[in-house]
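Chain and residue survey
Spelled out from the first residue to the last, the chains are:
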Amino acid sequence: GDLVEWDSWQYNLSEDVFCTHNGLLVDIIKDRRISGWSYIAKIMPFGGDSEVTLPLISVRKMTSTN
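Okay, so let's go over this structure. (Residues numbered from 1 in each chain as written. Predicted model: local features only at pLDDT ≥ 70, side-chain atom pairs only at ≥ 80, totals over all residues. Heavy atoms only, no water.)

Attention now goes to the sheet that holds strand β1 (residues 3-9). Backbone-to-backbone hydrogen bonds pair the strands of a sheet. The strands run either parallel or antiparallel. Ordered in space as β4-β3-β2-β1-β5, the five strands form an open sheet in which the pairing is antiparallel. Each end of this open sheet is capped by a strand with a single partner; those strands are β4 (52-55) and β5 (60-61). In this sheet, strand β3 (residues 36-45) lies alongside strand β2 (residues 18-33) in antiparallel orientation, the contact comprising ten bridges. When the bridges of β3 are listed, Leu 25 appears paired with Ile 43. (Pairing = 2+ DSSP bridges. Helix = DSSP H or I, 4+ residues; strand = E, 2+ residues; numbered from the N terminus.)

Take the nonpolar core next. Val 4, Trp 6, Leu 25, Ala 41, Ile 43, Leu 54 and Val 59 together form the largest nonpolar core, which totals seven residues. For Leu 54, the residues in contact, after removing those within four places along its chain, are Trp 6, Tyr 39, Ile 40, Ala 41, Ile 43 and Val 59. (Core = buried A, V, L, I, M, F, W, Y, C linked by side-chain atoms within 4.5 Å. Buried < 20%, exposed > 50% of the residue type's maximum accessible area, 1.4 Å probe, protein only. Contact = heavy atoms within 4.5 Å.)

On to the side chain of Glu 5, then. Locating Glu 5 in the fold gives a position in strand β1. A distance of 3.5 Å separates a polar atom in the side chain of Glu 5 from a polar atom in the side chain of Thr 63. In contact with Glu 5, other than residues within four places in its own chain, are Thr 20, His 21, Asn 22, Ser 58, Val 59, Arg 60, Lys 61, Met 62 and Thr 63. (Polar contact = N/O pair within 3.5 Å; in protein donor to acceptor, adjacent residues only side chain to side chain.)

Counting through the fold element by element, Val 26 comes out in strand β2. Look at Val 26 and you get partly exposed, because its relative accessible area is 45%. Sequence separation of Val 26 and Thr 53 is 27 residues, and the distance between their C-alpha atoms is 10.0 Å.

Right, here's the structure in full:
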């Protein structure tokens, strides 16, 4: 249950290209692929009602202390 953040493409391109999202890391899934092991993060975004799955490498610990 770590607090994490990740960047994603902004829908409104008149502003910043990337937008930072925050959430709670729920699970890490280890999946065997042709090129080796792949690690997937399951995250419950703050203010969201469904989990998001992202490559674990694109997720980082939240730096904000608010």
